[in-house]
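An overview of the molecular structure
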Amino acid sequence: MIRDLVRGAADDGRPAGHDLALVTVIHDSEPELRALLGSVERHLPGAEVVVVDSGSTDGGADFARSWRDGAATVIDM
């Protein structure tokens, strides 16, 4: 099923992943978050992204807030 979502845009012209929500929890994992969001941008550009920050001090939450001009929702715990 995921393979089908990654193949490309839906028949109606929406980008791949338009019907997905991806949720990730971070804690001082900015490099991993950068890699994850880069992959989302390449393969599932239409996916909604929610980042839950459990008290990071490495700037990961700030990066998530700035990703694609604020496209990600960031929840601070």
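See the structure shown above.
Reading the values: the criteria
Residues numbered from 1 in each chain as written. Predicted model: local features only at pLDDT ≥ 70, side-chain atom pairs only at ≥ 80, totals over all residues. Heavy atoms only, no water. Pairing = 2+ DSSP bridges. Helix = DSSP H or I, 4+ residues; strand = E, 2+ residues; numbered from the N terminus. Right-handed = clockwise from strand over helix to strand, strands pointing away. Core = buried A, V, L, I, M, F, W, Y, C linked by side-chain atoms within 4.5 Å. Buried < 20%, exposed > 50% of the residue type's maximum accessible area, 1.4 Å probe, protein only. Contact = heavy atoms within 4.5 Å. Axes fitted to C-alpha atoms, helices over the stretch in contact; angles between N-to-C directions.

**Describing the pairing of strand 1 (residues 21-26)**
In terms of strand pairing, strand 1 meets strand 2 (residues 48-53) through six bridges, oriented parallel. By the bridge assignment for strand 2, Ala-21 is matched with Glu-48. Regarding the hand of the β-α-β motif, the stretch spanning strand 1, helix 2 (residues 30-43) and strand 2 is right-handed.

**So, the nonpolar core**
If you look at the biggest cluster of nonpolar residues, it comprises 12 residues: Ile-26, Leu-33, Leu-37, Val-40, Val-49, Val-51, Ala-61, Phe-63, Ala-64, Trp-67, Ala-72 and Val-74. Listing elements by their share of this core, those giving two or more residues are helix 2, strand 2 and helix 3 (60-66). Once residues within four sequence positions are removed from consideration, Val-74 is found in contact with Val-51, Ala-61, Ala-64 and Arg-65.

**Details of the sheet that holds strand 1**
Whether parallel or antiparallel, the strands of a sheet pair through hydrogen bonds between backbone atoms. Pairing is parallel in the open sheet, where three strands are placed in the order 1-2-3. Only two strands of the sheet have a single neighbouring strand rather than two, namely strand 1 and strand 3 (73-76). Ignoring which end each strand starts from, the neighbouring axes of this sheet average 20° apart. For strand 2 and strand 3, the ladder comprises four bridges, and the chain directions are parallel. Each residue of the ladder has a partner; that of Val-51, found in strand 3, is Val-74. Packing against the sheet, helix 2 makes contact with strand 1 and strand 2, and its axis sits at approximately 170° to strand 1.

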